[in-house]
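# What the coordinates show
What follows is the residue order along each chain.
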Amino acid sequence: ANTNRDASGEAGTVGYSGAELEAAAEASTRTALEDALECALADVCGEACSGSAARALARRALRRAPKPQGWDYEFPAVRGLFMKLRAASAAAASTDTNTADTAARSTAVASITVRHAESEFGPSKEVTYATAHALASDVAGALEGVSAVLARVAVDERCVLLLTTTLQQERQRAMGRLPCAACGRFFNGYRGLRWHQQISHGENYAEAVAVAANASNMQLACAPHHERSATANALRARWEGTERERRARRLALPAGAAAARAGDCDALRGLAMASGGGADGWAFAAEQDCVHWAAGEGHVHALRVLIEEGGCAPDGVQRAAGSVGRTPLHWAARNGHVGALRYLCGDALDAADASVGRPKCNPNAATPDGTTPLMLAVWKGHRRAADYLISAGADLHALNRFGCNAAQWAAQAGDVGMCAWLRKRGLDMRVINHNGHSALHKAAQKQQREVCEWLVTKCGLGLEHMRPDSHDSSTPGDLARAEGATALADWLDEQRRTLAGGGTP
Ligand SMILES: [Zn+2]
């Protein structure tokens, strides 16, 4: 029979749902937090806030944080407590004839003094706080390390204590999120945290990489499953399951998009009929980016149904959340579907095809950041698609908003063949973008050694292409080193020294 106890003697998980276990864990966490707050308030405020007063305040003011992706509790009562104690000090000072001089009185009303009575732990003492923030910092300090349920305490500019529980930390960890030590928020994995370091904390690339790598290593170093309690493992399984469902929901396509992705023309027509036919019946297609899906999978027949029967725009901008402004042509180019490119650009599909009344998409239509279909075809190594786009009028020399041309896209992909082909067609491989990045920076950052060597030895990229960039003063060698490509970094640094005339040491 189940004993409902695991080896550690802790109440087991048998017979409890994940939701019940989590609710129980939440409840005990909250109680432990209230206890810790009560002790910290009494510790810091002494006679002014102890015993039942501290207990009541801890219970009343502790609240769940409004946003789920960071600290999970807040304690906003320290400022109010400071004001109350200051008012009491002021009242005491005004009736105290011994503090008649004005300076002493103004000090008394601008700050608070808390008294700790003599106890078995030590003599009485007095501490003065000039600001609510100083008081909040001391309460935060008193909280640190006293309770196993608390992982992190911080004080914000409103003097609110921001409390991250170990429960929250475990939950976020199970969902693949990493904490930012600087601000206490959680981010989606290594990339999310690295990006956050660069954007929100202004870290340079190498520092951001180091912080994110450190956080992921710490995550790996946490206790293995068999060393954790049954409850902790059950909760972890629950959170991991929740995260899997969330991702599956995000990946699940609405029916129209799924039909377009599958190239299922009958299903597309069926959906239009089910919605009443006519223009209104096809409204789903634009809402669900059906033309983009059909183009991205190279389904020319589905494209014809959507555009010629459904009246869908052939060059609409993708609508789905998180989209970066790509058109169907971008998707066909990115995935190398020449047939879809020909159709969208209005060319005959084969000798027997009349191509009358076809869409005439602009092959140079770019996303808001200036990314052209050609750049995506080059990036993903689709030589035939790139070739077709150029023949259809795509500008080989187009620059995006950052000043990159197709050479930088090919270089970061590590495709020497593509680089050589572009160069043969007359593309300038020596472009330096607005951040000071040459194709060599791009290749180095993606650890593409073959392209780096080709650019230096065959293409003549020199010192001016190896300069520290304007963004965070990284040379190609620095960028490779930040990604852990030490041998490549050494080689790049050596090239730089040699070209600078220093020779090798
Ligand atoms: Zn942060």
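Residues numbered from 1 in each chain as written. Predicted model: local features only at pLDDT ≥ 70, side-chain atom pairs only at ≥ 80, totals over all residues. Heavy atoms only, no water.

An unreviewed UniProt entry lists the protein under the name C2H2-type domain-containing protein, from Prasinoderma coloniale.

### Examining the UniProt feature "domain: C2H2-type" (unreviewed entry) in the protein
Heads up, the rule is: UniProt positions are given in the numbering used here, feature names are shortened, and annotations may be inferred rather than shown by experiment. Think of it this way: any DSSP run of H or I at least four residues long counts as a helix, any run of E at least two long counts as a strand, and we number them from the N terminus.
Per the UniProt record, the feature "domain: C2H2-type" (unreviewed entry) sits at residues 178-206. The distance from the first to the last C-alpha atom of residues 178-206 is 18 Å, and the span holds 48% helix and 17% strand.

### Focus on the nonpolar core
Basically, it comes down to this: Only buried Ala, Val, Leu, Ile, Met, Phe, Trp, Tyr and Cys residues count toward a nonpolar core, and they belong to the same one when joined by side-chain atoms within 4.5 Å. Here's how the labels work: a residue is buried when its accessible area is under 20% of the maximum for its type, exposed when over 50%, partly exposed in between, all with a 1.4 Å probe on protein chains only. By the convention used here, residues are in contact when the closest approach between their heavy atoms is within 4.5 Å.
With 72 residues, the main nonpolar core has L268, L306, V378, L422 and L455 as its most contacted residues. Look past the residues within four positions of V378 in its chain and what remains in contact with it is A386, A406, W409, A410, M418 and L422. If you look at the next biggest cluster of nonpolar residues, it comprises 36 residues, including A61, A77, F82 and L163.

### Overview of the UniProt feature "repeat: ANK" (unreviewed entry) in the protein
Feature annotation in UniProt places "repeat: ANK" (unreviewed entry) on residues 324-344 and 369-401, given in this structure's numbering. Between the C-alpha atoms that bound residues 324-344 there is a distance of 20 Å. The span itself is 67% helix and 0% strand. Annotation note: span residues 369-401, helix share 48%, strand share 0%, distance between end C-alpha atoms 5 Å.

### Quick look at the coordination of the zinc ion
Worth spelling out the cut-off: Water is not among the atoms examined, so metal sites may look incomplete; donors are the N, O and S atoms within 2.8 Å of the metal, or within 3.2 Å for Na, K and Ca. By the criteria applied here, four donors are tetrahedral when all angles lie between 85 and 135 degrees, four are square planar and six octahedral when opposite donors are over 155 degrees apart and every other angle lies between 65 and 115, and any other arrangement is irregular.
Only C180 (SG), C183 (SG), H196 (NE2) and H201 (NE2) from the protein reach the zinc ion as donors, at distances of 2.0 to 2.3 Å. Each of the four donor atoms around the zinc ion contributes to a set of angles spanning 96 to 127 degrees, which defines the coordination as tetrahedral. What makes H201 partly exposed here is its relative accessible area of 31%.

### Regarding the pairing of strand β3 (residues 112-116)
Put simply, the rule reads: When DSSP locates at least two bridges between a pair of strands, those strands are taken to pair.
Here β3 shows one buried face, formed by I112, V114 and H116, and one open face, formed by T113 and R115. One ladder, built from five bridges, connects β3 with strand β4 (residues 125-129); its direction is antiparallel. Bridging from a neighbouring strand, T113 pairs with T128 of β4.

### Comments concerning the packing of aromatic side chains
To keep things clear, this is the line we draw: Two rings belonging to Phe, Tyr or Trp (six-membered ring only in the last case) form a pair when the distance between their centres is within 6.5 Å. Interplanar angles under 30 degrees mark stacking, angles over 60 mark edge-to-face geometry, and anything in between is tilted. A ring is considered to have a charge above it if a Lys NZ or an Arg CZ atom is located within 6 Å of its centre and within 35 degrees of its normal.
Scanning the entire structure with this criterion turns up two aromatic pairs. A centroid spacing of 5.8 Å and a plane angle of 20 degrees characterise the contact between W282 and F284, whose relative ring orientation is stacked. Like F284, W282 is buried. Centroid distance W379 to W409: 5.6 Å. Interplanar angle 70 degrees. Geometry classified as edge-to-face. Of this pair, W379 sits in helix α18 (residues 373-379) while W409 is found in helix α20 (residues 406-413), placing the two residues 30 residues apart along the sequence. Taking the relative accessible area as the measure of exposure, W409 reaches 14% and is therefore buried. One residue, R326, lies across the ring of W331, its end atom 4.8 Å from the ring centre. When the ring centre of W379 is taken as origin, the NZ or CZ atom of K380, which lies over that ring, is 4.2 Å away.

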